[in-house]
Amino acid sequence: MDPVREMLGAVLDEVRGEDGGATAQYIPELASADPEQLAMAVVDPRGASVALGDDALFTIQSISKPFVFALALDELGRDEVLQHVGVEPSGEPFNAISLEEGTGRPANPLINAGAIATTGLVPGPSARERADRIVAVLSRFAGRPLEVDETVCASEAATGERNRALAHLLRSYDVIDGDPNAIVEAYFRQCSVLVTVTDLAVMAGTLAFGGRHPVTGEQIVSARTARDVVSVMTSCGMYDASGSWLIRVGLPAKSGVSGGIVALSPSQFGVGVFSPRLDAYGNSTRGQLVLERLSEQLGLHVFEQHRAIATPGLAVERDDDGTVHVVLDGELSFSGAERVLTALRGVRRPASDTRVLVDASAMSQLQPAALAVLRTEVEALGGTVQTTRDGADATA
Ligand code: GLU
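Residues numbered from 1 in each chain as written. Predicted model: local features only at pLDDT ≥ 70, side-chain atom pairs only at ≥ 80, totals over all residues. Heavy atoms only, no water.

Undergrad: How would you summarise the overall build of the chain if you had to cite specific residues and measurements?
TA: When helices and strands are tallied, the chain shows 15 helices and 13 strands. The C-alpha extent of the chain, read off along each of the three principal axes, is 80 × 50 × 35 Å. Looking at the 396 residues of the chain, the share that counts as buried comes to 51%. Contacts spanning at least 24 positions in sequence make up 67% of the contacts within the chain whose residues lie at least 6 apart. Entry remark: accessible area of the chain is about 17200 Å², with carbon and sulfur atoms responsible for 51%. Measuring between centres, the 32 positive side-chain charges of the chain sit 3 Å from its 52 negative side-chain charges. (Helix = DSSP H or I, 4+ residues; strand = E, 2+ residues; numbered from the N terminus. Buried < 20%, exposed > 50% of the residue type's maximum accessible area, 1.4 Å probe, protein only. Contact = heavy atoms within 4.5 Å. Areas by Shrake-Rupley, 256 points an atom, 1.4 Å probe, with all protein chains shown as cover. Lys, Arg positive; Asp, Glu negative; His and termini not counted. Charge placed at Lys NZ, Arg CZ, Asp CG, Glu CD.)

Quick look at the structure:
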């Protein structure tokens, strides 16, 4: 058996006995979900995915919020979006009236008030057109056409007075433009999009890999947008339990009241989990346990110390004419540049005019300030830094 599948299967088995919490009670269609369902999927940067557990389709709910925020950021730019919604943890439940005094700006885009404000930023002359655009972008993140569960959507609309009230409040502060009812209707549709854990893993992966879809290779949003969204997920993604989540699990994540959670390990992989019983904060009880165990077992906490970033690969070769070639690979971070320079100072040069060629063309990432430091020092030695294979210096 594939070792990854085996390891993930063992994690699911470990948490299966946990039966704390209850399905979301405030939306009738969610309340009646089978509470025993449990599933997870993981996708890596090359798009390979592993899915285990129940083959379930469930509504995306609040997990749609970071992706709609991404759409707004990419279309309108950060400055414009931040005029309408903040990026501060609210420390309050998802449906709280967390609006900034004076401006009425919601605390962040991952609570309902902020999500409704963000949905209002997506252009659309009618509720349906706005919702269609949102469903289209969620589908691009997932890499397949997603559909709306009309029954859940009707159930949301039937019990959504608080969200309507939030939308009207936002309208009173001019945080949203146009008809608040139409915006909240689009928001209900966005929450009712059906997904699988593999969809969630791929969607999270797209954010983990700088906005690039791991399967199709399509750039869905800019790397800057993906980074902004992941930042907000890190501080606000798990409702008012986001702080303890960061300490315990340390993965940017977003949960939803149907029992789904997306999480990601930047540059490494995207994860989707699903199990409908929720704790008092509205986060899937078993879903959290799965991610907690995964993070522990694989050392995934975002603030885990990584030595490799400070240690680029380095090989020294000499030509017949005595030229010293220093071939680098991996990633050139600021601390990594310091290490390369120390190594260079130790390289024996038979004569003071021995040429030194530093070849950084195979490096996966070059931090500009690190490259500048490296170049200055190498040039002081009379050498050259090459950043492309044909020797031209792309970044010069
Ligand atoms: N449709 C839900 C609501 O707005 C989404 C809430 C959630 O998943 O947190 O009430």
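Undergrad: So, helix α5 (residues 112–121): which residues are in play, and what are the values?
TA: Most of α5 is tucked away, with 10 of its 10 residues classed as buried. All of the buried residues along α5 are N112, A113, G114, A115, I116, A117, T118, T119, G120 and L121. As for α5, its buried residues are in contact with α3 (64–76), α4 (78–84), α6 (127–142), α8 (161–172) and α9 (180–191).

Undergrad: Break down the side chain of S64 for me, with residues and values.
TA: Among the structural elements, S64 can be located in helix α3. By relative accessible area, which is 0% here, S64 ends up buried. At 2.8 Å, the side chain of S64 forms a polar contact with the backbone oxygen of Q61. When residues no more than four places from it in sequence are discounted, the contact partners of S64 are L138, Q190 and C191. (Polar contact = N/O pair within 3.5 Å; in protein donor to acceptor, adjacent residues only side chain to side chain.)

Undergrad: Got a sec to walk through the pairing of strand β2 (residues 49–53)? Specific residues and values, please.
TA: Where strand β1 (residues 39–43) and β2 come together, five bridges link them in antiparallel fashion. Each bridged residue has a counterpart across the sheet, and for A41 the counterpart in β2 is A51. The loop that links β1 with its antiparallel partner β2 comprises five residues; one of these, G47, has a positive phi angle of about 90°. (Pairing = 2+ DSSP bridges.)

Undergrad: How would you sum up the packing of α3 against α5? Please name residues and give values.
TA: At a closest axis distance of 9 Å, the pairing of α3 and α5 adopts a crossing angle of 40°. Taken together, the axes of α3 and α5 lie oblique to each other. In this structure, α3 crosses over α5, and the sense of that crossing is left-handed. When α3 is examined against α5, the residues K65, V68, F69, A72 and L76 are found in contact with a partner set consisting of N112, A115, T118, T119 and L121. Per-class residue counts for the contact of α3 with α5 are six nonpolar, three polar and one charged. (Axes fitted to C-alpha atoms, helices over the stretch in contact; angles between N-to-C directions. Parallel < 35°, antiparallel > 145°, perpendicular 65-115°, else oblique. Left-handed = near helix turned anticlockwise from the far one by under 90°. Nonpolar A, V, L, I, M, F, W, Y, C, P; charged D, E, K, R; others polar.)

Undergrad: A description of the packing of aromatic side chains should follow, citing residues and the corresponding values.
TA: Under the counting rule described, the total for this entry stands at three aromatic pairs. Where F58 meets F274, the ring centres are 3.9 Å apart and the plane angle is 0°; that geometry is what we call stacked. In this pair, F58 is assigned in strand β3 (residues 58–59) and F274 in strand β7 (residues 269–274), connecting sequence segments 216 residues apart. Among the residues examined, F274 registers a relative accessible area of 3% and is labelled buried. Seen from their ring centres, F67 and F141 are 4.9 Å apart, and the 65° between their planes marks the pair as edge-to-face. Remark: F141 occurs in helix α6 and F67 occurs in helix α3; sequence separation between them is 74 residues. Of the residues examined, F141 reaches a relative accessible area of 0% and is grouped as buried. (Phe/Tyr/Trp six-rings, centres within 6.5 Å; stacked < 30°, edge-to-face > 60°.)

Undergrad: Quick one: what's the story with the sheet that holds strand β8 (residues 313–318), residue by residue and with numbers?
TA: Read from one edge of the open sheet, four strands run β8-β9-β11-β13, paired in mixed fashion. Each end of this open sheet is capped by a strand with a single partner; those strands are β8 and β13 (384–386). Within this sheet the neighbouring strands show an average axis-to-axis angle of 20°, counted without direction. Here three bridges tie strand β11 (residues 356–359) to β13, and the two strands are oriented parallel to one another. Within the sheet, the bridge partner assigned to L357 lies in β13 and is T384. Packed on one face of the sheet, helix α15 (residues 368–380) meets β9 (324–329), β11 and β13 and runs near 145° to β13.

Undergrad: Which residues make up unusual backbone geometry, and what are the values?
TA: Of note, D174 is a non-glycine position whose phi angle comes to about 65°, a positive value. Looking at D174, the relative accessible area reads 53%, which means it is exposed. Positive phi is not limited to glycine here, since Y239 has a value of about 55°. Positionally, Y239 belongs in the loop between α11 (223–236) and α12 (242–248).

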